[in-house]
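The lines below spell out each chain.
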Amino acid sequence: MAKTKEAPVDETNLDAATEPVAAPKVDGDRKARWAQFLAQAEAQASERGTSEIFAAQKARGEFDTIPDSFI
Amino acid sequence: MATFNTQNSVSFALRHKYFQASLQQAIRNQLVSSDITKVDTSNLKTIENPYISTDGTATTQAVAGTYSVSAMATTEDSLKVTDEIIVPTHIFDFEAKTANFDLFADFLDNMSYQVRYNWDKYVLNALLSQATGTYTTPAGGFTTPANIQKIIGDLLGKVAGYANGIGNNPFLVVESTDVTGFIQMAMSSGFNYADAALNNGFAGNIGGVDVYVIRGGTFVTASMGSQSFTNSGHRLFGLKGLAVSANPGGFTYDEKMVSGKTGREVVAYGYVGAKIWAVHAGLFVNITLA
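**Focus: the sheet that holds strand E10 (residues 209–214) of chain B**
Hydrogen bonds between backbone groups are what pair the strands of a sheet, and the pairing can be parallel or antiparallel.
All names here are of chain B.
And step 1. Pairing is mixed in the open sheet, where 6 strands are placed in the order E7-E17-E13-E8-E10-E9. Edge positions in the sheet fall to strand E7 (133–136) and strand E9 (205–206), since each of these pairs with one other strand and no more.
And step 2. Taken together, the 5 bridges between strand E8 (residues 170–175) and E10 define a ladder with parallel strand orientation. Considered in E10, the bridge of Val174 is made with Val213.
And step 3. Helix H3 (residues 103–130) rests against E8, E10, strand E13 (234–239) and strand E17 (285–288) of the sheet, and its axis sits at about 85 degrees to E13.

What follows is the structure in structure tokens.
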């Protein structure tokens, strides 16, 4: 069982407590993974017989922005 | 010593009670895939369902007694179970013995739900990704009350006229963010229909279409197991009982002793696959929200 416990905050130094503890994700990696995902989705759409739907989604710009939920 | 008569004191001298006998859990989502598909739990990796891909050619002609032979053909179609859903955890002996709750029972209940929910989410996304029918809603989608009746009518038109058409229990799966349009439409319809919507919170059947509501974000643009889905912003319409969802052997629960740890490792898991057979793919509609 993993217990969730809030990290202690040093109230004498709130600035330090709000500093990021990890480096932000490299955007380039995410873009590469997104491109890889789309390539796989397109290939699978072809197998499923839904290539036209995928192409229409692409034309509508559904894949122009990486959704926040994409990790 | 605890200090009484302050808001912040907590004392074992004062009475506390547990609100319920089980651990509290987050509200669970409605699961709908087993209502709209045939669920196959047989222990099989692949389910075959070949179909006639070139129909026989019927000719209407003046009586002559002669004919030309035309070829017919069959094509393989199959559902392959390629993915699994696993939820593991570990309950240490000291946790199980000293907890105020039955951790094994409560955690197992939660883990079973997590497997079941992810199974449901996978099936819904798989079906939507295989639907070959297409429809784009009027601007505003389902959130605009005036659109609902047109959308329902348009969707029914896509399956009308087939033997497996309207009479075969059409369904529509929308997300919770769409509900406002349905409620407003129902409430403005008056009398019994309005009362039903008000009393029950949601009118589940409109124009013969069973409307299922799932939480927002269930249709995803993401990978689930081996499958890549691009379903965010889309909804699913189809006919009940034509698609198959596979869960070979049902869901399994296992607990085991592991080296280096007291207590038990607990894991719940299940296998998943889903398929709209090729001949029915057009009866399932990938709805794009405008």
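**Considerations on the interface of chain B and chain A**
And step 1. Between chain B and chain A, the contact holds 25 residues from the first and 18 residues from the second.
And step 2. Roughly 1500 Å² is buried in total at the junction of chain B and chain A, and carbon and sulfur atoms are behind 52% of that figure.
And step 3. Among the residues of chain B in contact with chain A, Thr221(B), Ser228(B) and Thr230(B) are the three that bury the most area, contributing 34% of the side total.
And step 4. Where chain B meets chain A, there are 0 salt bridges.
And step 5. Where chain B touches chain A, the interface holds 11 residue pairs in polar contact (both at pLDDT 80 or more).
And step 6. Elements supplying a minimum of two residues to the side of chain B that touches chain A: strand E6 (83–91), helix H2 (93–98), H3, E7, strand E11 (221–224), strand E12 (227–230) and E17 of chain B.

**Looking at the packing of aromatic side chains**
Residues and elements named next belong to chain B.
And step 1. Per the stated rule, a full pass over the model turns up 12 aromatic pairs over all chains.
And step 2. Taking the centre distance of 5.5 Å and the plane angle of 20 degrees together, the rings of Phe142 and Phe182 count as stacked. Placement of Phe142 in the loop between E7 and helix H4 (145–159) and of Phe182 in helix H5 (residues 179–187) is noted, with a sequence separation of 40 residues between them. Each member of the pair, Phe142 together with Phe182, is buried.

**Notes on H3(B)**
And step 1. Over its 28 residues, H3(B) runs 40 Å from end to end, which matches the ideal 40 Å to within 8%, given 1.5 Å per residue.
And step 2. Counted residue by residue, H3(B) has 20 buried out of 28 residues, so it is predominantly covered.

**Examining the pairing of E8(B)**
Residues in a regular strand project their side chains so that they alternate between the two faces of the sheet.
All names here are of chain B.
And step 1. Summarising burial for E8: 6 of the 6 residues are buried, a large majority.
And step 2. Burial along E8 is two-sided: Pro170, Leu172 and Val174 and Phe171, Val173 and Glu175, pointing in opposite directions, are all buried.
And step 3. When E8 meets E13, the two strands line up antiparallel, connected through 4 bridges. Within the sheet, the bridge partner assigned to Val173 lies in E13 and is Leu236.

The rules we used
Residues numbered from 1 in each chain as written. Chains lettered and ligands numbered in written order. Predicted model: local features only at pLDDT ≥ 70, side-chain atom pairs only at ≥ 80, totals over all residues. Heavy atoms only, no water. Pairing = 2+ DSSP bridges. Helix = DSSP H or I, 4+ residues; strand = E, 2+ residues; numbered from the N terminus. Contact = heavy atoms within 4.5 Å. Axes fitted to C-alpha atoms, helices over the stretch in contact; angles between N-to-C directions. Buried area = accessible area lost by both parts, 1.4 Å probe. Salt bridge = Lys/Arg side-chain N within 4 Å of Asp/Glu carboxyl O. Polar contact = N/O pair within 3.5 Å; in protein donor to acceptor, adjacent residues only side chain to side chain. Phe/Tyr/Trp six-rings, centres within 6.5 Å; stacked < 30°, edge-to-face > 60°. Buried < 20%, exposed > 50% of the residue type's maximum accessible area, 1.4 Å probe, protein only. Expected span 1.5 Å × (residues − 1).

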